[in-house]
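Structure at a glance
These are the residues of each chain, in order.
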Amino acid sequence: TSKPFPTALILAVAIDSLMDGLLIGIAVAAGPSAGPMMSASLSVEMSFLGLTLATALHGHSAKKAIPAAFLGPLAIVGGAAIGGFMAYQLGHDPVLLVGMLSFGTSALLFMVAEELLLEAHEGGGEHLWWVDLQLYTGFFASVVAGKFAPTS
């Protein structure tokens, strides 16, 4: 018996990748160090997501698996282009630009803090305080790194 093709996972990866790309494109508008920092941070997440997708695609025909594997990276590039275009268009109005940057940052933090951490704790085990500590320590470290990164 063959395993079913992971269409739902592929769709979820594509949507997540599109949103991550959008955040990268928006982050470039925040400053010269924000885009590379956001790209580096999201590359860690995407590596684990890519491994999960590759595992799910294992055993399926290359005719289906290869396009499915390329969908995520293409969505990141497309999302970054859309985010960069939006940031460029809103760059003349500081209020709209700050609003867009705030929305992107809060959406990312909400997704990580509310969705991923809660999902990680759903296994029925006890709440591991150090997992939350690692998240917020990493977030704080990225803010501090942004303050010390060269601006030109």
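What counts as what
- Positions within a chain are numbered from 1, following the residues in the order the chain's sequence is written.
- Confidence filtering applies because this is a predicted model: local features only for residues at pLDDT of at least 70, side-chain atom pairs given and counted only at 80 or more, and all residues used for totals across whole chains, interfaces and linings.
- Water and hydrogen atoms were dropped before computing side-chain values, which therefore reflect all heavy atoms in the structure.
- Centres within 6.5 Å make a pair out of two Phe, Tyr or Trp rings, where for Trp the six-membered ring is used; the pair is then stacked when the planes are under 30 degrees apart, edge-to-face when over 60, and tilted otherwise.
- Note on geometry: a ring has a charge over it if NZ (lysine) or CZ (arginine) is within 6 Å of the ring centre and within 35 degrees of the ring normal.
- Only DSSP runs of H or I reaching four residues or more are called helices, and only runs of E reaching two or more are called strands; each is numbered from the N terminus.
- Here the expected span of a helix is defined as 1.5 Å times the quantity of residues minus one.
- Using a 1.4 Å probe on the protein chains alone, a residue whose accessible area is under 20% of its type maximum counts as buried, one over 50% counts as exposed, and one in between counts as partly exposed.
- Per residue, pLDDT measures the predictor's confidence, with a range of 0 to 100.
- Residue contacts are defined here by distance: any two heavy atoms, one from each residue, within 4.5 Å place the two residues in contact.
- Whenever a helix is involved, its axis is fitted only over the stretch in contact; in every case the axis is a line through C-alpha atoms, and angles between N-to-C directions fall within 0 to 180 degrees.
- Oblique is the label for any angle not covered by the other classes, which are roughly parallel (under 35 degrees), roughly antiparallel (over 145) and roughly perpendicular (65 to 115).
- With the far helix as reference, a near helix turned anticlockwise by less than a right angle produces a left-handed crossing, and one turned clockwise produces a right-handed crossing.
- Under the scheme applied, nonpolar residues are Ala, Val, Leu, Ile, Met, Phe, Trp, Tyr, Cys and Pro; charged residues are Asp, Glu, Lys and Arg; polar residues are all the others, including Gly.

Before going further, it helps to spend a moment on the packing of aromatic side chains. A complete count under the given rule lists zero aromatic pairs for this structure. When the ring centre of Phe 5 is taken as origin, the NZ or CZ atom of Lys 64, which lies over that ring, is 5.2 Å away.

The first and last C-alpha atoms of helix α3 (residues 62–90) sit 42 Å apart over 29 residues, in line with the 42 Å expected at 1.5 Å per residue. Among the residues of α3, those classed as buried are Ala 65, Ala 68, Gly 72, Ala 75, Gly 79, Gly 83 and Ala 87.

Turning to the confidence of the model for the protein, a few remarks are in order. With 85% of its residues at a pLDDT of 70 or more, the protein has an overall mean of 81. Mean pLDDT across the elements of the protein bottoms out in helix α4 (residues 94–121) (72) and peaks in α3 (91).

Attention shifts here to the side chain of Asp 20. As for its placement among the helices and strands, Asp 20 is situated in helix α1 (residues 7–30). By relative accessible area, which is 2% here, Asp 20 ends up buried. Sequence-distant contacts of Asp 20, that is, excluding residues within four places in its chain, are made with Leu 42, Glu 45 and Met 46.

Here the focus is the packing of helix α2 (residues 34–57) against α3. Two quantities define a packed helix pair, namely the angle between the helix axes and the distance between the axes. Where α2 contacts α3, the axes come no closer than 10 Å and their chain directions differ by 165°. Here α2 is positioned roughly antiparallel relative to α3, judged by the angle of their axes. Where α2 crosses over α3, the two elements pack in a sense that is right-handed. Packed against α2, whose contacting residues are Met 46, Leu 53 and Leu 57, the element α3 presents Ala 65, Ala 68, Ala 69 and Ile 76 at the interface. A class-by-class count of the residues in the contact of α2 with α3 yields seven nonpolar, no polar and no charged.

Our next topic: the packing of α1 against α3. Running from amino to carboxyl end, α1 crosses α3 at an angle of 30°, the nearest separation of the two axes being 6 Å. Judged by the angle between their axes, α1 and α3 are roughly parallel. Crossing angle aside, the handedness with which α1 passes α3 is right-handed. A per-class count over the contact of α1 with α3 returns 16 nonpolar, eight polar and no charged.

Here we take up the environment of His 60. Residue placement: His 60 occurs in the loop between α2 and α3. Distance in space between the C-alpha atoms of His 60 and Pro 4 is 8.9 Å, their sequence separation being 56 residues. When sequence neighbours within four positions are dropped, the list of residues in contact with His 60 reads Lys 3, Pro 4, Phe 5, Pro 6 and Ala 65.

This part takes up the environment of Leu 108. Relative to the assigned elements, Leu 108 resides in helix α4. The spacing of Leu 108 and Leu 23 is 85 residues in sequence and 8.2 Å in space, taken between C-alpha atoms. Setting aside chain neighbours within four positions, we find Leu 108 in contact with Leu 23, Met 38 and Leu 42.

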